[in-house]
Amino acid sequence: MATSSQNTPATSSSISLSSRLANPLGRPKLVTNALLYFFVIGAGILFGLPFLWAIGSSLKPITEIFKFPPTMWPIEPRWANYADVFTIAPFLRFIYNTLYITAFAMLGQILSASAVAYGFSRFRFPGRNMLFFVVLSTMMLPWQVTIVPTFLLFRFLGWINTYFPLILPFFFGGGAFYIFLLRQFFMTIPKDLDEAAKIDGASSVRIFWNILLPLAKPALATVAIFSFIEHWNEFIAPLIFLNSTEKFTVSIGLRHFTASAFESDEPREAILMAASLITALPVLILFFAAQKYFVQGIVTTGLKG
Amino acid sequence: MQAVIKPHRGWLGSSLARREAIEGYLWIAPWIIGFLIFSLGPIIASGYLSFTQYKIGGTPEWIGLENYRQAFFVDKLMWPSLMRTIYYSVATVAFGVALSLVTAILLNQEIKARPFFRALYYLPSLTPIVALAILWRWLLQPKVGLVNFMLYQINIPGPGWLTDRNWAIPALVLIALWSTIGGGRMIIFLAGLQGVPKELYESAEIDGANTLQKFFRITLPMISPVILFNLILGIIGSFSVFSIAYIATEGGPNYATWFYMLHLYYNAFSYFQMGYASALAWIFFILIFILSFIQIKLSSRWVYYEFS
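Predicted model only: the values in this text are computed from it and were never measured.

Chemist: Lay out the overall build of chain B in plain terms, naming residues and giving numbers.
Modeler: What chain B contains, in helices and strands, is 13 helices and 2 strands. For a compact globule of 308 residues, the expected C-alpha radius of gyration is about 19 Å, and chain B comes in at 25 Å, more than 25% above that figure. In terms of principal-axis extent, the alpha carbons of chain B reach across some 75 × 70 × 35 Å. For chain B, the residues scored as buried account for 40% of the 308 residues in total. The contacts in chain B between residues at least 6 apart in sequence include a share of 68% that link residues at least 24 apart.

Chemist: I'd love a proper account of the domain arrangement of chain B, names of residues and values included.
Modeler: All names here are of chain B. Partitioning chain B into structural domains gives domain 1 (11-67) and domain 2 (75-302). Distance between the C-alpha centres of domain 1 and domain 2: 32 Å. With 11 residues of domain 1 at the interface, the matching set in domain 2 holds 9 residues. Of all the secondary structure elements, the ones that give two or more residues to the side of domain 1 that touches domain 2 are α1 (15-49) and β1 (52-53). When residues of the side of domain 1 that touches domain 2 are assigned to their parent elements, the largest contribution, 3 residues, is made by α1. Taken together, the residues of the side of domain 1 that touches domain 2 sort by class into 4 nonpolar, 6 polar and 1 charged.

Chemist: So, the confidence of the model for chain B: which residues are in play, and what are the values?
Modeler: Overall, the prediction assigns chain B a mean pLDDT of 88, with 95% of residues at 70 or greater. Across the interface, the model reports ipTM at 0.85; the global pTM reads 0.86.

Chemist: Describe the interface of chain A and chain B, with residues and values.
Modeler: Contacts between chain A and chain B engage 76 residues on the former and 77 residues on the latter. Broken down by element, the residue count for the side of chain A that touches chain B peaks at 13 residues, all from helix α2 (residues 29-58) of chain A. Residue composition of the side of chain A that touches chain B, by class: 52 nonpolar, 19 polar and 5 charged.

Rules behind the numbers
Residues numbered from 1 in each chain as written. Chains lettered and ligands numbered in written order. Predicted model: local features only at pLDDT ≥ 70, side-chain atom pairs only at ≥ 80, totals over all residues. Helix = DSSP H or I, 4+ residues; strand = E, 2+ residues; numbered from the N terminus. Rg over C-alpha atoms; globule rule 2.2 N^0.38 Å. Buried ≥ 20, exposed ≤ 12 C-beta atoms within 10 Å, placed from the backbone. Contact = placed C-beta atoms within 7 Å. Domains from an automatic or database assignment. Nonpolar A, V, L, I, M, F, W, Y, C, P; charged D, E, K, R; others polar. pLDDT = per-residue confidence, 0-100.

Next up, the structure:
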């Protein structure tokens, strides 16, 4: 990449002209390549730079927060900002709460989405296509349309400020996105396998549990990863359903902490940034560890949806 | 298409088929129950509540169309909040979809370290929304933020961004673009681009087509269904904008980012006007429905389906 962009300025005009004349079908390779890398790397900088800024800023001591000109990397990095995150707010508690909710919601989502996907992919019943169309259309239903009655329902059940509203709904279908993803995957598994098991007298529960689920591990991994991120990052549901600090998740805890931090006398931006990075870390690690499942998941659901 | 055996008369009469159908319904039962309780039920319930006055703790009192009259003719915040939402939506969808397509095209070229760049572009979309707000509030800080500092380097006086009434929405659009361009939408475009048969380009090249012609005559028509998909989801998503404005600006400064969803949220969960909030929800629901319907109708003029 470095060589092509160095070579270009000197030779670009002559090459583009001559190659066009010599070969009207081809493109002036060097110029397009240099331009291509210019944009690819430029976009990379635009997407990446804010992350570097976030890391640098999270280490700024109070004296450097409002310094002008701003520094990308603090002169005296203050690592204690990260320790302060846990003393200023009950952040460890928030992390524990979020993990708890995420674990159960994920379990519900994986179990029920795969069961429903199994039903849609392996059984014939009247109205199947119509019902599946309804599954897909719920993907387009904005949460705001249902939030008021849902809130009233949970309030009636006495579940406000408990984790039920954040976990229980995911045991009922688990979300259209995941049902769709798993159904697509089940359809690629040959039916002969379960036909053979059926002849041997296996029940549908056994076929599901012992044949299909083990074969669907990659798809289940995709679902698990998306589900983890969805619940770890969830903001609106905990905002609406939780109201005491000790029950907060990381995102609303962080938001609560932001709102109060700006009322304190000391500038706490750096500590907030450190807290933000701690919040984002599990998701980023998961992403790098399991990249291929991401792309797979988005591609199967995006294309056919 | 999949149902090779057509359900003919008496299909359910066969005991095997009936058993299969019952088992099928049992497997999808969790979804059916969830759909009734958490989707269909609430849609109907909010439809009913929208015709009532209902403050939490009291009982719903039927007031007919009063909430809708309030929303359309009395509530001074409703129309401006809708207009702001449309402004935000048009900007984020137009730039967002176009730039996602551009980045997908960049990544679809033969470049070195493609997985690295794809991951880098995708990263912002994973940032939790609160972290996103904290990060960008600092980046866009008028005096010591990175963005204005860079503008200052090239002698452009940067605006107050989130603190300036006229710049608050552009600032939120900027944040939305950064965090969504390289996300799922780009990956979907990338998959669409990779699905275009290579032979089409080859035969076009033989006919002497240049790069632009190939793009407009082959690439765009071939991925037009993907564009439609991204447009519809993009519009629904951007019309529902809530979290970023709630965290980064709390609707301010001076209502400059008071979007429709903030209006609904505050009516429901700060003023506890559940009836009125339900009316706002239904107006939104119908608006989204009409917009999606229009897009699908209009799409027959520009979306190309290979198999139709």
